[in-house]
Amino acid sequence: MRNPKVVILGAGYGGLMTVTRLQKMVSVNEADITLVNKHDYHYETTWLHEASAGTLHHDRCRYPIKDVIDTNKVNFVQDSVKLIKTDEKKVILENGELNYDYLVVALGAHPETFGIQGLKEYAFTISNINSARQIREHIEYQFATYNTEEEKDDTRLTIVVGGAGFTGIEFLGELANRVPELCREYDIDPKKVRIICVEAAPTALPGFDPELVEYAVNQLQRKGVEFRIGTAIKECTEQGIIVGKDDQTEEIKAGTVIWAAGVRGNSVIEESGFEAMRGRVKVEKDLRAPGHDDVFIIGDCSLIINEEINRPYPPTAQIAMQQGEVCARNLAALIRGKKELEPFKPDIKGTVASLGEDDAVGIALGKKMVGTKASFMKKMIDNRALYMVGGAGLVLKKGKFKFF
Ligand code: FAD
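Note that the coordinates shown come from a computational prediction; the quantities given were computed from them, not determined experimentally. (Residues numbered from 1 in each chain as written. Predicted model: local features only at pLDDT ≥ 70, side-chain atom pairs only at ≥ 80, totals over all residues. Heavy atoms only, no water.)

(A) View of the overall build of the protein. Of regular secondary structure, the protein possesses nine helices and 27 strands. Here the C-alpha radius of gyration of the protein, 22 Å, is about what a compact globule of 404 residues would show, namely 22 Å. Dimensions along the principal axes, computed over C-alpha positions, put the protein at roughly 75 × 45 × 40 Å. Here the protein, with 404 residues, has 54% of them falling under the buried criterion. In the form shown here, the protein has an accessible surface area of approximately 19,100 Å², with 48% of it arising from carbon and sulfur atoms. (Helix = DSSP H or I, 4+ residues; strand = E, 2+ residues; numbered from the N terminus. Rg over C-alpha atoms; globule rule 2.2 N^0.38 Å. Buried < 20%, exposed > 50% of the residue type's maximum accessible area, 1.4 Å probe, protein only. Areas by Shrake-Rupley, 256 points an atom, 1.4 Å probe, with all protein chains shown as cover.)

Laid out in structure tokens, this is it:
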């Protein structure tokens, strides 16, 4: 009898966690495992705000996938997933196709622009290494160009961040630290630079502890960030954005607009015909897609309801990694012919948002924390994620050790 074919799509937090756990659980005689990813490297999505602002080099945020997979057991295919044909148990790639007996979809998120005109064309998003590198280069280009122009255009130095959720706030923290460096490097008066955060909700970090929100906003304002809370971006243009509040609209001219206000599941989900809400499939307790006993969907492509409040959990790396562990155990069970699978239950250990290198806010291990203590915790969380996938060796290679 031939080995079952297990195909894992995506080598982000969910996919890599699944594959690195599964490779330890099953032997080469039990399953043929294939991992597919667009790039030959994994990137820490949760560090991309740093690469985008230019406070951390993008190479620090990525490592070769081959460093953490057992190539005797896992066949790595570098390719782009285009479509999943569940009725044929087939994955269509840009350069070929793969058959599967069991499939894991862990393709992460795409930006959600809520149909706001111009965002796709003119705004940047913090999505992957390429987009982070582009944002960093674009901001530097604006600073480098400013002094070469005879008629100086100060709006070139205005940076708008759409969204004051976790990604927006973390990016603002890095940017507020990076701007003084850029001003020194390009001989620019810091007073000419504006960083404006526009958030449609009535508060920054919606749903987070109000005391911690106040701390975060105060710290960022102290570093020069202007907040437009309760204000919606109506349109993005080549010149900046148009915002609306209380029936009034205003144009804010800006050389850089970064959209950090929402994600949806990877478009492959909807294009492949899975029933989804904003590209996220409400998976069964065992992480399989409803009606598809051979397809697991994890990470940002999946939707899990928090039964305590009857609302979906926000998509996080924390959940993606925990799902990866359960998914690996469930795959091993199926490979060995078991019918009973383990249900997934998130174990939320806390949430910490960084505000630059040496500051953060969060709740971890049941305690509220701010400042260097929270920042230390954030780095421990980042290091733990590396440890979970690649052990102590990966932490030593890629970990964050500059604590204060
Ligand atoms: P990802 O880790 O994004 O991985 C998806 C993988 O699929 C990538 O390797 C990608 O290259 C690959 N891929 C995508 N499309 C294709 C395709 N068509 N073909 C082949 N390969 C493909 N979460 C937290 O828990 N804590 C935080 O502090 C935190 N901070 C964040 C900060 C930022 C700036 C951002 C953007 C997100 C943050 N998140 C945080 C959210 C977290 O990063 C995501 O929830 C997490 O990455 C989801 O994991 P995943 O495995 O679903 O997807």
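(B) Summary view of the confidence of the model for the protein. On average, residues of the protein score 96 in pLDDT, and 100% of them reach the 70 mark or higher. Both scores are available for the predicted complex, with the pTM at 0.96 and the ipTM at 0.99. (pLDDT = per-residue confidence, 0-100.)

(C) Representation of the sheet that holds strand β26 (residues 360-364). In space, the three strands of this open sheet follow the order β25-β26-β27, with antiparallel pairing throughout. What marks the edges here is a single partner per strand, and that holds for β25 (350-354) and β27 (367-370). Adjacent strand axes in the sheet meet at a mean angle of 10° when their direction is disregarded. (Pairing = 2+ DSSP bridges. Axes fitted to C-alpha atoms, helices over the stretch in contact; angles between N-to-C directions.)

(D) Representation of the site of the ligand within the structure. Taken together, 30 residues form the shell around the ligand, and within it G14, V81, D300, A317 and K378 come nearest. Relative to its unbound accessible area of 1,000 Å², the ligand is 89% covered by the protein chains. For the shell around the ligand, the secondary-structure elements that each account for two or more residues are α1 (13-25), α5 (166-185) and α8 (317-335). Ranked by the residues each element gives to the shell around the ligand, the list is headed by α8, at three residues. When residues are assigned to domains, the shell around the ligand turns out to be shared by domain 1 (5-38 + 79-111 + 263-348) and domain 2 (119-259), each giving three or more. (Near = heavy atom within 4 Å. Domains from an automatic or database assignment.)

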